[in-house]
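What follows is each chain in one-letter form.
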Amino acid sequence: MFSRKTRYLLPVLLLAVAFLAAGCGQETTDKDGLSGTIAIDGSSTVFPITEAVAEEFQKINKDVRVTVGISGTGGGFKKFSAGETDISGASRPIKDVEKELAEANNIEYIELPVAFDGISVVVSADNDFIDCLTVEELQMIWEPESKVTKWSDIRPEWPSKNINLYAPGTDSGTFDYFTEVINGKGGASRSDFTASEDDNVLVVGVANDKYALGYFGYAYYVENQDKLKVVSIDGGNGCILPTDESINNGTYSPLSRPIFIYVNTASLRKPEVEEFVRFYLTEGIELIPQVGYIPLPSSYYTQGLEKVDQVVR
Amino acid sequence: MHAKKMQQRKQKNHLFKNLSFFMTLITITVLFLLLYDVFKDGIGWLNWNFLTSYPSRFPEQAGIKSALVGSLWMISLTMPIAIPIGVMTAIYLEEYSPENRLTTFIRVNIANLAGVPSIVFGILGLTIFVRTLGLGRSVLAGSLTMALLILPIIIVASQEAIRSVPNSLRDASYALGATRWQTIRYTVLPASLPSILTGIILATSRAIGETAPLIMIGALTYIAFLPSGPLDSFTVLPIQIFNWTSRPNADFHGLAAAGIIVLLAVLLFLNTTAILLRNKYQRRLND
């Protein structure tokens, strides 16, 4: 019985090998004659934009091979400053230690802001008492050794129910940014909250709990508007809801931040990388809303293109 | 008195049987719940287009071609590296090595290696294969790292298998005038092969499902071409699945479930191959 079965083994294995080998043939020709490989790594926040740009870019330039990794902002900079990648995505500006490392390896680079990422503060759709929080109230809730345990601790008219907190984990750029602008120091936060690196876990947690409060990337709120209610934020100029417009024109403050790509200038002198970066800052902008982010005012992109011109010239 | 004791013993016997059955039921229920959940979300996304497309920002157009081929590349490089080294190490340790402190030391350390978190192997792979040996973020670097990761599993399983071969078989072989190599080749290995293959099955499953060490060495997430050689960059199924589950758009979660089904299918195919081989050798031994 088994010997009959094993007879099929060889053809099946050969088929698997053939499938692998099928990958070896590289197809397609190219009209611009651009070719080569562009290695990109860095923040998972910037990833969806870069992925979209890479996808469209490769439709036009079929011989250019773009690869995108998600080592995180810090992990990406480690590879970038070792000269292993051409472009690095970052959800925060480069730190001094990272700059020094790049200098030590003779890596020069330019910084290009590519989009806004808003942080939305959310509660469950069932929550009927909250509309707005001030930055001071947010700090009261989230500061280290916070005294807030019940909603009534924030405003006496709110219910005397336990407040259940959800936020991204400490490795996340969103956590770093939120704690920096709200608590005054990156990483300083109370620690008795439900933490997850996966924002979808936070969405489910907040959506199913009437007395929950959480914060995470704006894109995750946009995709789950039916389950969540977004809280408007008063940064001193009245309550502002996060919307595409308020994030783009900067009135949703302080919880929106620019995200960047860093480009190695030596790589930028290669025609395929130059073309990719120009594509990113022109046609690429139209792709940004499709993946849940908000484009910057157009002056940022013209400035970015000028930086590219200066290097290439 | 006697009858009562008899009844008690029978009751205990019965109780233990039911308890074991109940525990098995728990395991099976968990497995089926997981499978049900994955199939419910993923089956609608599973089609030919999904298998033959590259990743995309549009869920309808996205596929796992590069991840599937990357996983097959990695496994087909990892196993030929890990199996001979693992099995031969086990043969040396069990059949040749003298019983001394050094051997015991090596054995204990190999067993400990099996419990080292996979990310540590990733750091090792990044330092040695990617940077020092200059292999870059290639399939080969990934496969070598994965081979290191599963070596302890293969060695420990093979050692157990070889140790379980009764000494009477070896003695019989020597009595017929066989050399040590002939004894290993014609007696020990055939008798232990089924258990060695079981170890290899477990190791393969581990290698194909691992994500962390590959992210560490810089396997990629978005890649729209297939590796054309062992030095090309690559991605694998678990990385692609991980990436899709963390997207805000729920359609990508469906894609992730479909990716899991494909991963399970690949795993099932590889395991079936090994199980068929194992059964073949088991029969031969019993005949």
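These numbers were taken from a predicted model, which means no experiment stands behind them.

### Brief notes about unusual backbone geometry
Residues and elements named next belong to chain A. Cis peptide bonds are those with omega within 30 degrees of zero, and the linkage from serine 253 to proline 254 qualifies with 5°. Notably, asparagine 106 is not glycine yet its phi reads approximately 60°, a positive angle. Positionally, asparagine 106 belongs in the loop between α5 (96–104) and β4 (109–124). Exposure remark for asparagine 106: the relative accessible area of 70% places this residue in the exposed category.

### Quick look at helix α4 (residues 101–113) of chain B
An ideal rise of 1.5 Å per residue puts 18 Å on 13 residues; α4(B) measures up with 18 Å between its terminal C-alpha atoms. The opening residue of α4(B) is B:Asn100, an N-cap whose side-chain oxygen sits 3.2 Å from the backbone nitrogen of B:Leu102.

### Here's the deal with the pattern of salt bridges
Residues and elements named next belong to chain A. In this structure the tally under the stated criterion is 23 salt bridges over all chains. Where aspartate 309 meets arginine 278, a salt bridge forms, and the shortest distance between an N and an O atom there is 2.8 Å. Placement of aspartate 309 in helix α14 (residues 298–312) and of arginine 278 in helix α12 (residues 271–281) is noted, with a sequence separation of 31 residues between them. On the accessibility criterion, aspartate 309 (26% relative accessible area) is partly exposed.

### Concerning the packing of helix α4 (residues 72–81) of chain A against α5(A)
All names here are of chain A. At a minimum axis separation of 9 Å, α4 and α5 run at an interaxial angle of 20°. The angle between α4 and α5 falls in the class roughly parallel. In terms of crossing hand, the pair formed by α4 and α5 is right-handed. For the pair α4 and α5, the contacting residues are Gly74, Phe77 and Ser81 in the first and Glu98, Leu101 and Ala102 in the second. Its residues assigned to classes, the contact of α4 with α5 shows three nonpolar, two polar and one charged.

### A look at the packing of α4(B) against helix α6 (residues 139–163) of chain B
Residues and elements named next belong to chain B. The contact between α4 and α6 brings their axes to 8 Å, and the two run at 125°. By the angle between their directions, the pair α4 and α6 is classed as oblique. Considering the relative orientation of α4 and α6, their crossing is left-handed. Side by side, α4 and α6 meet where Arg107, Ile110, Ala111 and Leu113 of the first sit next to Pro152, Ile155, Val156 and Gln159 of the second.

### Some words on the confidence of the model for chain A
Residues and elements named next belong to chain A. Residue-level pLDDT values for chain A average 86, and 90% of them are 70 or greater. The element-level mean pLDDT for chain A is lowest in helix α1 (residues 2–7), coming to 46, with α12 highest at 95. The low-confidence segment residues 9–15 (pLDDT under 50) makes four contacts with residues lying over four places distant or belonging to another chain. Long-range and interchain partners of residues 17–31, a stretch whose pLDDT sits below 50, account for 24 contacts in this model, where long-range means more than four residues apart.

### Observations regarding the side chain of A:Asp209
All names here are of chain A. Note on placement: aspartate 209 falls in the loop between α8 (199–207) and β8 (212–217). Salt bridges are absent for the buried aspartate 209, whose nearest opposite-charge side chain, lysine 210, sits at 9.5 Å. Of note is the side chain of aspartate 209, whose polar atom sits 3.0 Å from the backbone nitrogen of tyrosine 211.

### Comments concerning the environment of B:Pro84
All names here are of chain B. In this structure, proline 84 sits in helix α3 (residues 65–96). Proline 84 sits in the partly exposed class, given a relative accessible area of 34%. Once the C-alpha coordinates of proline 84 and asparagine 243 are considered, the two residues, 159 residues apart in sequence, prove to be 34 Å apart.

### Re the interface of chain A and chain B
With 41 residues of chain A at the interface, the matching set in chain B holds 41 residues. Both sides of the chain A and chain B interface together cover about 3600 Å² of buried area, and 59% of this is carbon and sulfur. At the boundary of chain A and chain B, one finds six salt bridges. One salt bridge in this structure joins B:Arg131 and A:Glu84, with 2.5 Å as the shortest N-O distance. Run the count over chain A and chain B and you get 15 residue pairs in polar contact (both at pLDDT 80 or more). Listing elements by their share of the side of chain A that touches chain B, those giving two or more residues are α1, α2 (9–22), β1 (36–42), α3 (47–60), β2 (64–68) and α9 (218–223) of chain A. As judged from the two bridges shared by β2(A) and strand β1 (residues 222–223) of chain B, these two strands associate in the antiparallel manner. Across the sheet, residue A:Val68 finds its bridge partner in β1(B), namely B:Tyr222.

Criteria and cut-off values
- Residues numbered from 1 in each chain as written.
- Chains lettered and ligands numbered in written order.
- Predicted model: local features only at pLDDT ≥ 70, side-chain atom pairs only at ≥ 80, totals over all residues.
- Heavy atoms only, no water.
- Helix = DSSP H or I, 4+ residues; strand = E, 2+ residues; numbered from the N terminus.
- Buried < 20%, exposed > 50% of the residue type's maximum accessible area, 1.4 Å probe, protein only.
- Expected span 1.5 Å × (residues − 1).
- Polar contact = N/O pair within 3.5 Å; in protein donor to acceptor, adjacent residues only side chain to side chain.
- Salt bridge = Lys/Arg side-chain N within 4 Å of Asp/Glu carboxyl O.
- Axes fitted to C-alpha atoms, helices over the stretch in contact; angles between N-to-C directions.
- Parallel < 35°, antiparallel > 145°, perpendicular 65-115°, else oblique.
- Left-handed = near helix turned anticlockwise from the far one by under 90°.
- Contact = heavy atoms within 4.5 Å.
- Nonpolar A, V, L, I, M, F, W, Y, C, P; charged D, E, K, R; others polar.
- pLDDT = per-residue confidence, 0-100.
- Lys, Arg positive; Asp, Glu negative; His and termini not counted.
- Buried area = accessible area lost by both parts, 1.4 Å probe.
- Pairing = 2+ DSSP bridges.

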